[in-house]
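Secondary and tertiary structure notes
The primary structure of each chain is shown beneath.
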Amino acid sequence: MFLLTATKKGFSSKEIQKQLGLKRYEPVWSMVHKLRKAMGNRDARYTLEGMIEFDEGYFTIESSEIEQEKGIRGRGAVGKSNVAIMAESTILEDIETGGKSNHCRYFKAKVLTDHTSEQINQTIQESISEKSILFTDKSTSYIDIADYVEIHITEKSNKETTTETLRWVHIAISNAKRNFLGNFHKIKGKYLQLYLNEFVYKLNRRYFEEKLFDRLVIASITGL
């Protein structure tokens, strides 16, 4: 638990095994995934509220032999998993200059099994307060979101949308991909949510520093 919270970046089970001088890899792998599950359970207790950015990212995963034989392309492409990323984003305005910027608080990440509006709506209901203002692009999968939040604002997907309206979700997607690529060689699709749990848990507690260990102890006691 200490090693897992010692860095904001990921710590692979193999590296933890090496640091602890243990002969067997499997018990370390199992314990690390239990801790990641506890992280996810802890964050699942809370919903995002206020002004929320919502978008999806496609993460590289290890595909099975069956998937490789099928050679699927597009949104269901082999080796790609669709993830919904959500971020509380508050607009701040400088009184003197009138300049605007976005301040971000908490995040959520949810692996999606498909790109249907039904699953998007379910994710919204589970993750976001119904009194929120939600910003998305004009994806056809988002047509019913207005039924589940106070206000749904859509903008055509372009460079400006990515860097301004949906800035924080795209930063989170980029950082998560870089984190996974740098620390884990291959991630199987069925375990992707656990890796996202760890990434988001640390991101939401990015200012905790050494207190992160104590928080993980509490999350493990109450969240497994």
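Keep in mind it's a predicted model, so treat the numbers as computed, not measured.

1. A word on the environment of Q193
In this structure, Q193 sits in helix α8 (residues 192-204). Not counting chain neighbours up to four residues away, the residues in contact with Q193 comprise A109, K110 and V111. Polar side-chain contacts of Q193 include one of 3.1 Å to the backbone oxygen of A109.

2. What about helix α2 (residues 13-20)?
Residues of α2 that are buried: S13, I16 and Q17. The arc that holds the buried residues of α2, viewed along the axis, is 100°, so those residues lie on one side. With respect to the buried face of α2, the exposed residues turned more than 90 degrees away are K14 and K18. Its buried side turned inward, α2 meets α1 (2-5) and α3 (26-43). Directly beyond the C-terminal end of α2, a positive phi value near 70° is found at G21.

3. Focus: the nonpolar core
As a rule of thumb, nonpolar side chains are buried together in soluble globular proteins. If you look at the biggest cluster of nonpolar residues, it comprises 25 residues, and the most contacted ones within it are F59, V83, I85, F107, F180, L192 and L196. Counting residues per element, the ones that place at least two in this core are β2 (80-93), β3 (100-112), α7 (167-183) and α8. Not counting residues up to four positions away in its chain, the partners in contact with F107 are L48, M86, A87, W168, A172, V200, L203, N204 and R206. Counting residues in hydrophobic clusters, the runner-up holds 13 residues, among them A84, I120, L134 and Y142.

4. What about the packing of α3 against α8?
Their axes nearest at 8 Å, the elements α3 and α8 cross at an angle of 55°. In terms of their interaxial angle, α3 and α8 are classed as oblique. Handedness of the crossing formed by α3 with α8: left-handed. Packed against α3, whose contacting residues are H33, R36, K37, M39, G40, R42 and D43, the element α8 presents L194, Y195, N197, E198, V200, Y201 and N204 at the interface. Its residues assigned to classes, the contact of α3 with α8 comprises five nonpolar, four polar and five charged.

5. Points about the pattern of salt bridges
Taken as a whole and assessed by the stated rule, the structure comprises four salt bridges. Between D43 and R205 there is a salt bridge, with the nearest N and O atoms lying 2.9 Å from each other. In this pair, D43 sits in helix α3 while R205 sits in the loop between α8 and α9 (211-223), placing the two residues 162 residues apart along the sequence. Each member of the pair, D43 as well as R205, carries the same accessibility label: buried. Among the charged side chains, a salt-bridge network with shared partners connects R36, E198 and K202.

The rules we used
- Residues numbered from 1 in each chain as written.
- Predicted model: local features only at pLDDT ≥ 70, side-chain atom pairs only at ≥ 80, totals over all residues.
- Heavy atoms only, no water.
- Helix = DSSP H or I, 4+ residues; strand = E, 2+ residues; numbered from the N terminus.
- Contact = heavy atoms within 4.5 Å.
- Polar contact = N/O pair within 3.5 Å; in protein donor to acceptor, adjacent residues only side chain to side chain.
- Buried < 20%, exposed > 50% of the residue type's maximum accessible area, 1.4 Å probe, protein only.
- Arc of directions from axis to C-beta.
- Core = buried A, V, L, I, M, F, W, Y, C linked by side-chain atoms within 4.5 Å.
- Axes fitted to C-alpha atoms, helices over the stretch in contact; angles between N-to-C directions.
- Parallel < 35°, antiparallel > 145°, perpendicular 65-115°, else oblique.
- Left-handed = near helix turned anticlockwise from the far one by under 90°.
- Nonpolar A, V, L, I, M, F, W, Y, C, P; charged D, E, K, R; others polar.
- Salt bridge = Lys/Arg side-chain N within 4 Å of Asp/Glu carboxyl O.

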